There are 2 protein chains.
Amino acid sequence: MKKTTLKDIAKALNVSVSTVSKALHDIPEISEETRILIQNYAKEKNYRPNYNALSLKNKRSKSIGVIIPNMLNYFYMQVLQGIEKEAASHGYRIMTTISNESYQKEVEIIDMLSTGSIDGFLLAISKETEENGEFSHFTDSVKFGFPIVMFDRVSEHVECDKIITDDLNASADAVSYLVKQGCKRIAFVSPLKSLSIGRLRFEGYKKGLEQNNLPLDPNLVINTNEPDYKQYDAMIRPLYEHKIDGIISTNESSALSAMKLAKEDGYKIPEDLAVISFANGILARNSHPRLTCVSQHGEIMGAVAAKKLIDKLEKRDDAKSFATEFIETDIVVRDSTR
Amino acid sequence: MKKTTLKDIAKALNVSVSTVSKALHDIPEISEETRILIQNYAKEKNYRPNYNALSLKNKRSKSIGVIIPNMLNYFYMQVLQGIEKEAASHGYRIMTTISNESYQKEVEIIDMLSTGSIDGFLLAISKETEENGEFSHFTDSVKFGFPIVMFDRVSEHVECDKIITDDLNASADAVSYLVKQGCKRIAFVSPLKSLSIGRLRFEGYKKGLEQNNLPLDPNLVINTNEPDYKQYDAMIRPLYEHKIDGIISTNESSALSAMKLAKEDGYKIPEDLAVISFANGILARNSHPRLTCVSQHGEIMGAVAAKKLIDKLEKRDDAKSFATEFIETDIVVRDSTR
DNA sequence: ATTTCATGAAAAAAACCACCTTAAAAGATA
DNA sequence: TATCTTTTAAGGTGGTTTTTTTCATGAAAT
């Protein structure tokens, strides 16, 4: 079976193509009689306009390109879900791609999608790109009329809208939260040193200590770039020789590693050691004890980012001015803190 | 800045549009000199043919529509990752959508994408659709020339290619594995009663018992439809009054619930109770004890499904004949079994 | 009362979007 | 003149939009 086109309808009803088009758009120059006739027939044949023809004519595809660094990440999946829902509710479809943390892949994706397939990008910068500081593929894309809204992992070197977690303050708040629990020697554990989020969370940690008149002890800081598990354990273990009573970790699995090692060293959680972690994913809900988290609201971040891009595409938002929006965090208290 | 079109190049070099097109396609009837000139200019201007124009002309978009019931599912994300990689390697892009387990959403998605946006579908059937047995949107789609390859959750009522886990035999194998560990009273715990995978795993459980000459004790079977956590705990708890020594669960969180309750009842894992679960996700790797799993190779499933669809689209595969392919499972041994 | 012509509605035709294909024409060479 | 190369022009993809054409009506003129 073949999809019905305007031409098919025109031929069947013995009218011209333009008459059909106008009738379906309720344009008044078509007589009531003809219009009803055409509309009924179109409905009967389940007519749907061809998307490619529309895109070609309108110079916009009502599609959004999404670049995710890594799909096996609960937070990004929440963001993606938020994007998909928001986009769908505005009649946009999304093309999902994975950069796999590779700069080269990012370049290829942008090149491949900048051909009328999409109207703009939603993306989180890959690790490699963030490390090598090469952002011209993004700025070029914007120059060629494909607006970008970055989420979570952003760069100050690209002029575009950005939606991020207020990592700095969230981190500082986490410190304050632990202090209220009575913690005095709070460690910071992060494998995200080279990412902007890693830096901000570390800054927030320092700010939090300062706000609470606690000293910054370098012995209590593990700030590194994704080591393998064994290395990581070896780095974390010495912490426990410093009588710590609180840990802030920038991701879930760090927190789990730290808790595992702490238990081996005889710490009781949360009595001797309170643990709070960024990223409120599946692990946090299912760990023993269940993790207290700085919850990042990925779905909201995705929805906000999508909305922002769509506003830009539909000119409800000034194309020349860019804003950075912060998504609030919550502390979800579970069993790893008192 | 504006994207370069064939017309732009033609005007700039003072030749006709078709000359440019032919030159870029290395068609021999264009002179060496002209060809080089045009190709260089095109490269310089970073010319890319417009996707919509191509799709319109060729009546194919080189895009695949993917319908996932739920994004916050590690297994489906592995599948999606496999799909994306395989598709990208063949020059296909994917449009990712979420049915959110809803029949209505599924219908809308198919309707929205069957407009030239995509050439075919990769999908896992939503729970609601599987329950109400209404599949005409799928069969219609196939009739209208949009082939479907189903993965994981499939239906025997739709004629199309299917890629599934060999759930029945995987489940039977899991029983045999536990029996080899010395288990004699093996329980089956599943919240997926109404899904085809749930049924098959239960069949496999029964087959496995039979193969090992063990009786089927209804007291050892919890087969239900997604209860809430508390209900579920209440259903599982009575198991431990029946002196079970093994558990097969059809999903990770069931296994974790069961292990939690078992520990509360004084069972030691894996000494008193061996636990094996379907779905080899993040939870399994991070639980205490770490879960032995029937690993499903989601990425392979995605890649195989994508390959199958692309073969069909490019007529390397007979459009009229449909096959069901099984993806092998492995048992990944961790600490919840001996 | 008949013809003429303006008016306006309704419908059809044509142009355009960017690209590809193919048939035809032009030009060069033998 | 015939043959071969190179270029041009036309037509098609499905839709929207602008321009043209058609046709009926009614008023004014004969």
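Per an unreviewed UniProt entry, the recorded name for chain A is LacI family transcriptional regulator, and the organism is Formosa algae.

A. Representation of the overall build of chain A. Per the secondary structure count, chain A includes 14 helices and twelve strands. Taken against the 2.2 N^0.38 rule, which gives 20 Å for 338 residues, the C-alpha radius of gyration of chain A at 26 Å runs more than 25% over that of a compact globule. Here chain A holds 338 residues, and the buried ones make up 56% of them. Taking the intrachain contacts of chain A between residues at least 6 apart in sequence as the baseline, contacts between residues at least 24 apart amount to 71%. A total accessible area of about 14,900 Å² is found for chain A, and carbon and sulfur atoms account for 51% of it. If you average the places of the 44 positive and of the 47 negative side-chain charges in chain A, the two averages end up 5 Å apart.

B. Representation of the confidence of the model for chain A within the structure. Averaged over all residues, the pLDDT of chain A equals 93, while 100% of them reach at least 70. When mean pLDDT is taken per element in chain A, strand 3 (residues 120-123) of chain A scores highest with 98 and helix 11 (residues 229-236) of chain A scores lowest with 85.

C. Molecular detail of the relation of the copies chain A and chain B. If you rotate chain A by 180° and push it 0.0 Å along the axis, it lands on chain B with an RMSD of 0.1 Å. In symmetry terms, the pair is related by a two-fold rotation axis. Taken as a fraction of all interface residues of chain A, those also at the interface in chain B reach 98%, which identifies the copy contact as same-surface.

D. Local environment of the domain arrangement of chain A. Splitting chain A by domain gives domain 1 (6-49), domain 2 (61-165 + 298-327) and domain 3 (167-296). Inter-centroid distance (C-alpha atoms) of domain 1 of chain A to domain 2 of chain A is 39 Å.

E. Structural context of the interface of chain A and chain B. With 46 residues of chain A in contact, the opposing surface of chain B contributes 45 residues. Here chain A packs against chain B, burying approximately 4,700 Å² in sum over the two surfaces, 61% of which is carbon and sulfur. Taken together, the connections running from chain A to chain B amount to four salt bridges. Its salt-bridge partner being Asp-111 of chain B, residue Arg-48 of chain A comes within 2.8 Å of it at the nearest N-O pair.

F. Inspection of the packing of helix 6 (residues 103-113) of chain A against helix 8 (residues 136-143) of chain A at higher detail. Residue and element names in this part refer to chain A. Between helix 6 and helix 8, the least distance of the axes is 10 Å, while the angle of their chain directions is 15°. One way to sum up the angle between helix 6 and helix 8 is to call them roughly parallel. Once helix 6 is placed against helix 8, the crossing between them reads as left-handed. Listed contacts from helix 8 to Tyr-103, Glu-106, Val-107 and Ile-110 of helix 6 are His-137, Phe-138 and Ser-141. Residue composition of the contact of helix 6 with helix 8, by class: four nonpolar, two polar and one charged.

G. How the structure looks around the protein's contact with DNA strand D. As a matter of local geometry, DNA strand D sits amid 25 residues, with Leu-6 and Lys-7 of chain A together with Glu-29, Lys-57 and Lys-59 of chain B nearest to it. Taking all atoms of DNA strand D within 4 Å of the protein, the share assigned to sugar and phosphate is 55%. Within the backbone of Ser-16 of chain B, an N or O atom sits 3.3 Å from a phosphate oxygen of DNA strand D. Ser-18 of chain B places a polar side-chain atom, nitrogen or oxygen, 3.2 Å from a base nitrogen of DNA strand D. Listed by contribution, the elements that provide at least two residues to the surface near DNA strand D are helix 1 (6-13), helix 2 (17-24) and helix 4 (51-58) of chain A together with helix 2 (17-24) and helix 4 (51-58) of chain B. No other element matches the four residues that helix 2 of chain A contributes to the surface near DNA strand D. Split into classes, the residues belonging to the surface near DNA strand D amount to seven nonpolar, ten polar and eight charged.

H. Structural detail: helix 4 of chain B. By the burial criterion, the buried members of helix 4 of chain B are Tyr-51, Asn-52 and Ser-55 of chain B. Down the axis of helix 4 of chain B, the buried set is contained in an arc of 95°. They therefore lie on one face. Tucked inside the fold, the buried residues of helix 4 of chain B contact helix 4 of chain A together with strand 1 (63-68) and strand 2 (93-98) of chain B. N-cap assignment for helix 4 of chain B: the residue whose side-chain oxygen lies 2.7 Å from the backbone N of Asn-52 of chain B is Asn-50 of chain B. Immediately downstream of helix 4 of chain B, the backbone of Lys-59 of chain B shows phi near 60°, a positive value.

Thresholds, definitions, all that
- The residue numbers shown here count from 1 along each chain, following its written sequence.
- Each chain takes a letter, starting from A, and each ligand takes a number, starting from 1, following the order in which they are written.
- A pLDDT threshold of at least 70 governs which residues receive local features in this predicted model, and a stricter bar of 80 or more applies before side-chain atom pairs are shown or counted, although totals over entire chains, interfaces and linings include all residues.
- To get the side-chain values, all heavy atoms of the structure are used, and hydrogens and water are removed first.
- Helix numbering and strand numbering both begin at the N terminus, where a helix is a DSSP run of H or I of at least 4 residues and a strand a DSSP run of E of at least 2.
- Radius of gyration here uses only the C-alpha atoms, and the compact-globule reference equals 2.2 Å multiplied by the residue count raised to the power 0.38.
- Think of it in three bands: residues with accessible area under 20% of the maximum for their type are buried, residues over 50% are exposed, and the middle band is partly exposed, with areas taken using a 1.4 Å probe on protein chains only.
- By the convention used here, residues are in contact when the closest approach between their heavy atoms is within 4.5 Å.
- The Shrake-Rupley method, run with a 1.4 Å probe, gives the accessible areas here. Residue values count only the displayed protein chains as cover.
- In this tally Asp and Glu are treated as negative and Lys and Arg as positive; neither His nor the chain ends contributes.
- Every charge is mapped onto a representative atom, which is NZ of Lys, CZ of Arg, CG of Asp or CD of Glu.
- pLDDT is defined as a per-residue confidence score from the predictor, taking values between 0 and 100.
- Least squares is the method used to superpose the copies, on C-alpha atoms of residues holding a pLDDT of at least 70 in both.
- Domain start and end points were adopted from an automatic or database domain assignment.
- Buried area is calculated as the accessible area (1.4 Å probe) missing from two parts once they are joined, with the contributions of both summed.
- Definition used for salt bridges: Asp or Glu carboxyl oxygen within 4 Å of a side-chain nitrogen of Lys or Arg.
- To obtain an axis, a line is fitted to C-alpha atoms, over the contacting stretch when the element is a helix, and the angle between two such axes runs from 0 to 180 degrees between their N-to-C directions.
- Any angle that falls under 35 degrees is termed roughly parallel, while one over 145 is termed roughly antiparallel, one within 65 to 115 roughly perpendicular, and all others oblique.
- By convention the crossing between two helices is left-handed if the near helix lies anticlockwise of the far one by an angle smaller than a right angle, and right-handed if it lies clockwise.
- Lys, Arg, Asp and Glu make up the charged group, whereas Ala, Val, Leu, Ile, Met, Phe, Trp, Tyr, Cys and Pro make up the nonpolar group; the residues left over, Gly among them, are polar.
- Any residue with at least one heavy atom within 4 Å of a molecule or strand is counted as near it.
- For the purposes of these results, a polar contact is taken to be a pair of N or O atoms within 3.5 Å, where, inside protein, one atom must be able to donate a hydrogen and its partner to accept one; residues adjacent in sequence count only when each atom of the pair is a side-chain atom.
- This arc is built from the directions going out from the helix axis to the C-beta atoms.

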